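So the chains spell out like this:
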Amino acid sequence: MTSRIDMNTGLGPEVVPEGAFFFPIDGFDAPLDLGFLLLPRFTLLAFSAALDPLRIANQLAQKPLYRWTVYSETGGPVSSSSGMSMSVHNNLDALPKDMRLLVCSGNQGLTAASDATLARIRKHVRFGGKVGGICTGAATLARAGLLDSRTFTMHWENQPGFLEKFPELVPSPKRFEIDGDLWTCGGGAAATEMMLSIIQRDFGRDFAIVVSDMCLNGGDLEPRTAQRSSLSRALNTRNAKLVQVVQAMYHNIEEPLGFDELSEMTGLSRRQIERHFKQFLGESPTVVYRNIRLDRARALIVETDMTVSEIAAACGFNSTSILSIHYRERFGTSPSAQQHKK
């Protein structure tokens, strides 16, 4: 990523690569400007998945339909979660007041933005700027107090920790959300899908389909709802009763359900539930349920500042010692040691 900027405007350059295919766009006046704020340990995949559809749109039209300016708080390079360092065009103080700013972050989305960055984003919105979030960028917007009564989403892996921090703000399970002037997505391929939706809005369906084809996205512009595969697919079974039991386990982590409750819910006896789990998952219901809760515990350890005892209670373990025993069995380390790695 070049750090070259237009010295008159402070914006990134107009990028129009040459390509073999051409799709003319009429009625073009000036580039539509977007800003990307890279926070420490941002997800490189999500950032590039959002950026490249814009580059492809320019390439196809042979015009700068979109211009992007990449920011960091100080204007210095930012290290991604993959260890790659990315140079940027400018610092946040140079952010134009009418710029749409998309915040890009990764697994540390709840802590990545400094207080100074939060203040700058609040000021940007207060003076008419628009914002959005890519991957876990919505966590920064929540910390800035910008998500009240808004529909938004973020990567599914980071939603449990976010909900512990902001229980009044519930992310959508969808891959991306466009709520008026607020754009958010779960990262990865969802970032591409969100941008294709914007390109379709700006320049029409036919053009967006060609951009999608160039992304090898299949040309399907209809939004795919869920971020995660269905439980049926994840479990490699169409056994509706089994899926219902596993869904109930995911929905009842803090206060785990007993066999009697699962049986009443599904109409299956305890013996039938155990047989289904052994046949399709190769493990007992007890082990599967415990692993679901342990996975949630690990997410909270990595993403939040909760104590081990708070996490144990939030994940349905009677004590920190019981959590620690099973945690070490599953992950090869203790919860406290995992916290110290952050």
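This section reports on the structure supplied with the text.

What counts, and at which threshold
- Residues numbered from 1 in each chain as written.
- Predicted model: local features only at pLDDT ≥ 70, side-chain atom pairs only at ≥ 80, totals over all residues.
- Heavy atoms only, no water.
- Helix = DSSP H or I, 4+ residues; strand = E, 2+ residues; numbered from the N terminus.
- Buried < 20%, exposed > 50% of the residue type's maximum accessible area, 1.4 Å probe, protein only.
- Contact = heavy atoms within 4.5 Å.
- Areas by Shrake-Rupley, 256 points an atom, 1.4 Å probe, with all protein chains shown as cover.
- Lys, Arg positive; Asp, Glu negative; His and termini not counted.
- Charge placed at Lys NZ, Arg CZ, Asp CG, Glu CD.
- Phe/Tyr/Trp six-rings, centres within 6.5 Å; stacked < 30°, edge-to-face > 60°.
- Lys NZ or Arg CZ within 6 Å of the ring centre and 35° of its normal.
- Core = buried A, V, L, I, M, F, W, Y, C linked by side-chain atoms within 4.5 Å.
- Pairing = 2+ DSSP bridges.
- Disulfide = S-S within 2.5 Å.
- Axes fitted to C-alpha atoms, helices over the stretch in contact; angles between N-to-C directions.
- Parallel < 35°, antiparallel > 145°, perpendicular 65-115°, else oblique.
- Left-handed = near helix turned anticlockwise from the far one by under 90°.
- Nonpolar A, V, L, I, M, F, W, Y, C, P; charged D, E, K, R; others polar.

1. Topic: the overall build of the protein
Summing up its helical and strand segments, the protein has 14 helices and 9 strands in all. In the protein, which comprises 342 residues, the share counted as buried stands at 48%. Expressed as a percentage of contacts within the protein between residues at least 6 apart in sequence, the contacts between residues at least 24 apart total 65%. If you sum the accessible surface of the protein, you get close to 16600 Å²; carbon and sulfur atoms cover 48% of it. Charge separation in the protein, taken as the distance between the mean sites of 36 positive and 36 negative side-chain charges, equals 4 Å.

2. With respect to the packing of aromatic side chains
Summed over all chains, the structure comprises 8 aromatic pairs. Both rings, one in F23 and one in F207, keep their centres 5.2 Å apart while their planes meet at 65°; by these two values the pair is edge-to-face. Within this pair, whereas F23 is found in the segment before β1 (32-38), its partner F207 is found in helix α6 (residues 205-214), the two being separated by 184 residues in sequence. Aromatic side chains F36 and F47 sit 5.5 Å apart centroid to centroid with 75° between the ring planes, which places their arrangement in the edge-to-face category. With F36 in strand β1 and F47 in helix α1 (residues 44-61), this pair connects stretches of sequence that are 11 residues apart. There is no split in this pair, since F36 and F47 are both buried. Ring-pair connections join several aromatic residues into one group, and the members of that group are F23, Y66, F203 and F207. Across the ring face of W183, the terminal group of R100 is positioned such that the distance to the ring centre comes to 3.9 Å.

3. Re the nonpolar core
Residues F36, L38, F47, Y66, I134, F207 and V211 are the most contacted members of the largest nonpolar core, which totals 41 residues. Broken down by secondary-structure element, the contributors of at least two residues to this core are β1, α1, β2 (66-72), β6 (100-105), β7 (130-135), β9 (182-185), α5 (189-203) and α6. The biggest single contributor to this core is α1, with 10 residues. Judged by nonpolar contacts, the second largest core, of 30 residues, contains V243, L257, L294 and L300.

4. Let's talk about the pairing of β6
Taking burial as the measure, the 6 residues of β6 include 6 buried ones, the bulk of the element. Here β6 shows two buried faces, one formed by R100, L102 and C104 and the other by L101, V103 and S105. With 5 bridges joining them, β1 and β6 adopt parallel strand pairing. Bridge assignment links L34 to a residue of β6, and that residue is R100. Pairing between β6 and β7: 6 bridges, direction parallel. In the sheet register, R100 faces β7, and the bridge partner there is K130.

5. What about the pairing of β9?
By the alternation rule, side chains of β9 split into L182 and T184 and W183 and C185, which are all buried. As paired elements, β7 and β9 share 3 bridges and run parallel to each other. Its bridge partner lying in β9, G133 is registered against T184. In this structure, strand β8 (residues 176-179) lies alongside β9, joined through 4 bridges in antiparallel fashion. Paired with I178 across the strands is W183, a residue of β9. From the end of β8 to the start of β9, which pair antiparallel, there are 2 residues, and G180 there has a positive phi angle of about 65°.

6. So, the state of the cysteines
Under the criterion given, the structure shown has 0 disulfides. No disulfide involves C104; its sulfur sits 8.3 Å from that of C185, the nearest cysteine. For C104, a relative accessible area of 1% translates into the label buried.

7. Concerning α6
Along α6, the residues classified as buried are F207, A208, V210, V211 and S212. Its buried side turned inward, α6 meets α1 and α5. Of the residues flanking the end of α6, it is L216, one or two places downstream, whose phi is positive at about 55°.

8. Considerations on the environment of R205
Positionally, R205 belongs in helix α6. What makes R205 partly exposed here is its relative accessible area of 38%.

9. Thoughts on the packing of α1 against α5
Put simply, α1 and α5 touch, their axes get as near as 7 Å, and they point 30° apart. Looking at the two axes, α1 sits roughly parallel to α5. Crossing handedness for the pair α1 and α5: right-handed. In this structure, α1 contributes A46, A49, A50, P53, L54 and A57 to the contact, and α5 contributes A191, T192, M195 and I199. Classifying every residue of the contact of α1 with α5 by side-chain character gives 9 nonpolar, 1 polar and no charged.

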